Amino acid sequence: MSDRYAVFGNPIKHSKSPQIHTAFAEQTTQTLSYDAICVEEGGFPAAVDNFLQGEGKGLNITIPFKQEAWQMAEQRSARAELAGAVNTLYRDAEGLLCGDNTDGVGMVRDIVENNGGTITGADVLILGAGGAVRGVLQPVLEQKPNRVVIANRTASKAEDLAALVADLGEVEGCGFDALPGQQFDLVINGTAASLQGEVPPLPDDLLKSGAWCYDMMYGADVTAFCQWANEHGAEQAIDGLGMLVEQAAESFYIWRGVRPETAPVIATLRAALTP
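Structural notes, computed from the coordinates. Since we're looking at a predicted model, the values are computed, not measured.

**Regarding the packing of aromatic side chains**
- One pass over the structure, following the stated rule, counts seven aromatic pairs.
- An angle of 70° between the planes, with centres 5.6 Å apart, marks the rings of Phe-24 and Phe-252 as edge-to-face. A residue pair is termed long-range when its members are at least 10 positions apart, and Phe-24 in helix α1 (residues 17–27) and Phe-252 in helix α9 (residues 241–256) qualify at 228 residues. Phe-252 shares its class with Phe-24; the two are buried.
- Between Phe-225 and Trp-228 the ring centres are 6.1 Å apart and the planes differ by 10°, which places this aromatic pair in the stacked class. A residue pair is termed a helical-turn pair when its members lie 3 or 4 positions apart in one helix, as Phe-225 and Trp-228 do in helix α8 (residues 224–231) at three residues.

**Quick look at the environment of Gln-247**
- For Gln-247, the position within the fold is in helix α9.
- A residue is classified by how much of its surface remains accessible, and Gln-247, at 10% relative accessible area, is buried.
- Through-space distance from the C-alpha of Gln-247 to that of Asp-110 is 9.3 Å; in sequence the pair is 137 residues apart.
- For Gln-247, the residues in contact, after removing those within four places along its chain, are Asn-87, Thr-102, Asp-103 and Gly-106.

**With respect to the sheet that holds strand β1 (residues 3–9)**
- Spatial ordering of the open sheet is given by β2-β1-β3-β5-β6-β4, a layout of six strands whose pairing is mixed. Each edge of the open sheet is held by one strand with a lone partner, namely β2 (32–38) and β4 (75–76).
- Relative to β2, β1 runs parallel, the two being bridged by seven bridges. When the bridges of β2 are listed, Asp-3 appears paired with Leu-32.

**Describing the sheet that holds strand β12 (residues 236–238)**
- Strand order in the open sheet made by the six strands is β9-β8-β7-β10-β11-β12, with parallel pairing throughout. If you trace the sheet from one side to the other, it starts and ends with β9 (171–175) and β12, each paired once. Neighbour to neighbour, the strand axes of the sheet diverge by 20° on average, direction disregarded.
- Sheet topology note: the strand β10 (residues 184–189)/strand β11 (residues 207–215) ladder contains five bridges and is parallel. Paired with Val-187 across the two strands is Cys-213, which belongs to β11.

**Concerning α9**
- Here α9 spans 23 Å end to end across 16 residues, near enough to the 22 Å set by a 1.5 Å rise per residue.
- With 13 of 16 residues buried, α9 lies mostly within the body of the structure.
- Taken from the residues just after α9, Gly-257 is the one with a positive phi, measuring 75°.

**What to know about the nonpolar core**
- Counting residues in each nonpolar core, the largest one holds 28 residues, and the members touching the most others are Met-107, Val-124, Val-148, Ile-150, Ile-188 and Tyr-214.
- Mapped by element, the contributors of at least two residues to this core are α5 (103–114), β7 (123–127), α6 (131–142), β8 (147–152), α7 (155–164), β10 and β11.
- The biggest single contributor to this core is α6, with five residues.
- Apart from residues no more than four positions distant in its own chain, Ile-188 is found in contact with Met-107, Ile-111, Val-124, Leu-125, Ile-126, Leu-127, Val-140, Tyr-214 and Met-216.

**Looking at the pairing of β10**
- Extensive coverage of β10 is indicated by the burial of five of its six residues.
- Pairing analysis gives four bridges linking β7 to β10, with the strands arranged parallel. Residue pairing across strands places Leu-127 opposite Asn-189, the latter belonging to β10.

Rules and cut-offs
Residues numbered from 1 in each chain as written. Predicted model: local features only at pLDDT ≥ 70, side-chain atom pairs only at ≥ 80, totals over all residues. Heavy atoms only, no water. Phe/Tyr/Trp six-rings, centres within 6.5 Å; stacked < 30°, edge-to-face > 60°. Helix = DSSP H or I, 4+ residues; strand = E, 2+ residues; numbered from the N terminus. Buried < 20%, exposed > 50% of the residue type's maximum accessible area, 1.4 Å probe, protein only. Contact = heavy atoms within 4.5 Å. Pairing = 2+ DSSP bridges. Axes fitted to C-alpha atoms, helices over the stretch in contact; angles between N-to-C directions. Expected span 1.5 Å × (residues − 1). Core = buried A, V, L, I, M, F, W, Y, C linked by side-chain atoms within 4.5 Å.

Structure below.
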């Protein structure tokens, strides 16, 4: 019987995780199966226990269960602890349920390794203060940016998040109304507004010369945020498809001890997205 893996979420039909992990398994000659499973709200703990008691070796967790997975995990990585959310579950040699969060490292790897971008020494602006942003803060700060500003519609949420990671680097939180007069080398959109065709109220001169913009969201069309970036002189405007594949690769590595090549998988997904 081959090792079983799955992604739990609700809804889950849209998930590209089975395609990604199947490609990783073929590429690294690993024998495993990977499914997308819709879990009913309220049934998450039982579903995790049932899956990991059998041939189930590991789980990816997506909306709306990442916080519940964090609560269930008996042992959490430092990045998962800070993120307050878990997207990767597995049992260790002692049988403890371990939780990790691979979103942030996936995004950083996509920016730095896949696209040749720089976070080190940069002035970085992160838009939003929800779970997606909280999940990427530690890996971004580990790159040693010059400073990080978290901007959110509700300023207090951004300020609270900044206080949470204050010991990791130069971080401040503010409302969008505090952005005029400031400029950045890298702007990361962690709001979901982009998928609805909306962009936070950003000043026209927000981007420094040569600035990059990164949208954690992605779609078949150019996201609203990447469109804004292109219209405002960004040197690069990148969506989050690479982040999706890179966070999956990190999960695969945690489970299997093998790091797959992500470039061909990103290319395949990108080609499938193109209308």
